[in-house]
Amino acid sequence: MALAGTRSAGQAALALAIALFLGVFLVVPVATVIYVAFTEKGGGALTLINFLDFARTELFVRSFWNSIYVSAMTVVWASALALPLAYLTTRFEFRGAMLVQTLGFLPLVMPPFVGAVAMQLLFGRNGSVNLLLDEWFDFKIGFMEGLNGVIFLQAIHYFPFILVNLSAALRNIDRSMEEAAQNLGAHGLRLFRRIALPLALPGYIAGASLVFVKVFDDVATPLLLNVKEMLAPQAYLRITSIGIDDPMGYVISVVLIVVAVATMWASALVLKGKDYATTQRGGGGLARRKLKPREQALAYAVVILILALVLAPHVGLLLLSFATVWSFSPLPDGYTLAHYARVLGDSSVYIKNTLLYASLAAGIDVVIGGAIAYLVLRTKLPGRQWLDWAASTALAVPGIVLGIGYLRAFYGVNLPDGTPLATLWIVIVMAIAIRRLPYALRAAYAALQQISVSLEEAAENLGATKARTVRRIVIPLMTGGLLAGFVTSFATAAVELSAVLILVQSNSDAPLAYGLYVLMQTPAGRGAGAALGVIAVIIVAICMGLAQLAADRSQRARGLDI
Amino acid sequence: MTGMTMSKPARAVGIEIADVNLSYGSTHVLKNVDLTIHPGEFFAFLGPSGCGKTTLLRLIAGFAQAQTGRVLLDGQDVAPLPPWRRDVGMVFQSYALWPHMTVAKNVAFGLEERRLPRVEIDRRVAEALDLVGLTAYAGRRPAQLSGGQQQRVAVARTIAIEPKVLLLDEPLSNLDAKMRVSVRRELRALQQRLGLTTIFVTHDQEEANTICDRIAVMDAGTVRQVGTPMELYENPANLFVASFLGSANILGDGDGIAVPAGKRLVFRPQHATLSSVDGVPLRGPVTHREFLGATVRYAVRIGGSEILVETPFQSGAELRRVGDTVGVALPPERMLYLPA
């Protein structure tokens, strides 16, 4: 009894520490935002007047519908890119499938804002593509005009979310599902539409709702494309131009949260009772057939066109980072290494900050994610599920909202020497950590779920205490999974901007993503900004590779090689 | 199962499989398979797992391609026809019911693919569901049905298109033991009523024996023997068939028994009796004894092999003890000399 007492006391202390962390860095800032949105400016009375103001302000209403339109159209276009690729790679023996599976995920290593300016130069009114079109065929296409630009860029960047989820869902369909349909007279596209697609719908909805929310919450991409009349940019502009006392920024934040939650809720509602995977036996995925030569040519044309689009931001960024001057011409006028010299010299503080912040944030995420996973899966601590829920709500909190919340909640809190807490760089780290926590948490769950409880029971049976069992059995076995979680968190933390944008107080504290954002604003800074972008892409790509390696190795180490 | 208005197929169809060879890479899955399945017959492909029986079924349905040979349906070569043009109804081992459609939608699918008028579709769905006794479940999803009900939906979905032949891929394997007996009777009754040529794939000899007219026993990609259940049991053509259908004792040169070259002596445990040692060529010590109620099963070591002898149990009769040396007597007509 005494032993059990100390054990749960230790667990309770751990749980409390996590709860405190989540409370201070997630719940309080978000609650502050919501509270301010519902209180009278200057006074403390609760009111709905701010929301009425929001609804009466034409700019905000227009921004709201613009954001809805852009997010919805992004889902449409991203689906248009993802569907043919998913169909081709899961349904046919197609050599290009490998290409799609590797290059198709390239956008994930670079958030859309990074390539925004480069894409202007490639696809803008006077960009490379339109200059050539104009010269050869006498017409231009408004890829990047106004909201179209945001849609175009976001669709290229986010379609892999739909592709990944949809392909996985298609691959999980039992082969007999399709054969039964063929046996009863269906084939080809009709078969795909009536059987495969409905069965893969849960995967599609999961991907599509994620894309919708991500686009709705994005601040930097519209701003870099000079689109201000969208909701998330409005929140940022309101707070930075009018100040943190103006309630409108908070009202917009609440709207952003509501839309994110509503989207997730709606997708959960649609998916209710559609968890088809569990109703199927066996496996095997859809039968693949060989493409006829003409089909093959068509398939390659589709794949190459899409991959060209996917690669465009990367190519554009690379060109821009080496360009002397690049405007009103399909390619830069000349090439130079000066931008790299500049960012590795003067601006190297950005890179240093990024490495520091991202590793701290990822470290915090892995420790807290691992601890929550352990508490939830392996203890009977009352209320442990709340930690999971609390940490996961971070998914529904847009980065800009978290940033505004930190600013408001911590600005009044001063250190002994008088500097406000909100201006310290460590606050940026915390914001990034909270943003990435849900992903690290999923990784920790996955790692822990693969460890049979009997391994721990065997250790306890042989005399190890709970704490020593964790140290000698659980942590070594989770290492691979946690490492993969760390590296993934690190990679995505390195390019996190929306929460950071509003929290950076001085250039010396700014991470790479912020530096890139600032540099990209002026024509003179673009080259250096692009060089930073290339460096960011390289960092993220290396991390993704390492994460894959870590995950593979831990699989093999446990004999899970398949 | 009240209304039996389901129209019978115009005419039952025969299946001819001639000289079929099929390989996946270097694995030779079907070797020189020749079979004739008569119109209206309930036919079984019986064999251990990996013998090629399911592949042969999938070949008929169009889901596998043979390197040589022909499959004739009603005298017509089906090789050029894709699965969706064959009119061969297949019930999958997993049933393969589409979870996103109701029972009625599942049954209607094949009819919709045939672009039948809505009225006709509704009528035939109702008929098919009536035939399997699931009319009340038309609006349910497959996940809301029991295993036995799901199986009946799969059957209804298949017969609704009035296929030329019905293929059943281990249809009972996902049911519990009690369900199997009743479902196999239902399947037999349904087949009789529709007069539909049916092929039933199974690894369970009891299933094949109880409902099929004829059986093809398969092993390692070849058909070892074709016949009625009784023929196969009474006159197995080889050691594999003899031991796969029921239990068989096999003795050869190595056991000190004289047999024709390349053959072995085969007999069923219940055809032998224990006798005195005198003048009997088969003799040896009793190594085990099992009391089964109606019979007593002895294991007797003969030469290098152990054989089983089952004798009826009579109250009060004295049993042989383990270690006793006994003779094993066999009527000559029960002694079979079979090749491998």
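Residues numbered from 1 in each chain as written. Chains lettered and ligands numbered in written order. Predicted model: local features only at pLDDT ≥ 70, side-chain atom pairs only at ≥ 80, totals over all residues. Heavy atoms only, no water.

## Structural notes on the overall build of chain A
Scanning chain A from terminus to terminus reveals 23 helices and two strands. A compact globule built from 562 residues should have a C-alpha radius of gyration of about 24 Å, and chain A, at 25 Å, falls within 12% of that. Considering only C-alpha atoms, chain A reaches an extent of 85 × 70 × 50 Å along its principal axes. Relative to its 562 residues, chain A shows a buried fraction of 53%. (Helix = DSSP H or I, 4+ residues; strand = E, 2+ residues; numbered from the N terminus. Rg over C-alpha atoms; globule rule 2.2 N^0.38 Å. Buried < 20%, exposed > 50% of the residue type's maximum accessible area, 1.4 Å probe, protein only.)

## Observations concerning the domain arrangement of chain B
All names here are of chain B. Annotation of chain B at the domain level lists domain 1 (15-241) and domain 2 (253-339). Relative to domain 2, the C-alpha centre of domain 1 lies at a distance of 40 Å. Counting from both sides, the interface comprises seven residues of domain 1 and, opposite them, eight residues of domain 2. The junction of domain 1 with domain 2 conceals about 670 Å² of combined surface from both sides, 55% of it contributed by carbon and sulfur atoms. (Domains from an automatic or database assignment. Contact = heavy atoms within 4.5 Å. Buried area = accessible area lost by both parts, 1.4 Å probe.)

## Description of the interface of chain B and chain A
Chain B puts 31 residues into the contact, and the matching count from chain A is 21 residues. When chain B packs against chain A, close to 2,300 Å² is buried across both sides, 58% of that on carbon and sulfur atoms. Across the salt bridge formed by Glu179(A) and Arg58(B), the nearest N and O atoms sit 2.5 Å from each other. Secondary-structure elements contributing two or more residues to the side of chain B that touches chain A are helix H1 (53-61), strand E6 (88-91), helix H2 (103-113) and helix H4 (147-159) of chain B. Classifying every residue of the side of chain B that touches chain A gives 16 nonpolar, seven polar and eight charged. (Salt bridge = Lys/Arg side-chain N within 4 Å of Asp/Glu carboxyl O. Nonpolar A, V, L, I, M, F, W, Y, C, P; charged D, E, K, R; others polar.)

## As for the packing of aromatic side chains
How two aromatic rings sit relative to each other is set out by the distance from centre to centre and by the angle between their planes. All names here are of chain A. By the definition in use, this model includes 25 aromatic pairs over all chains. For the ring pair Phe 25 and Tyr 406, a centre distance of 6.2 Å and an interplane angle of 50° mean the geometry is tilted. Taken together, the residues Phe 25 in helix H1 (residues 2-37) and Tyr 406 in helix H17 (residues 399-411) connect sequence positions 381 residues apart. Both residues of the pair, Phe 25 and Tyr 406, count as buried. (Phe/Tyr/Trp six-rings, centres within 6.5 Å; stacked < 30°, edge-to-face > 60°.)

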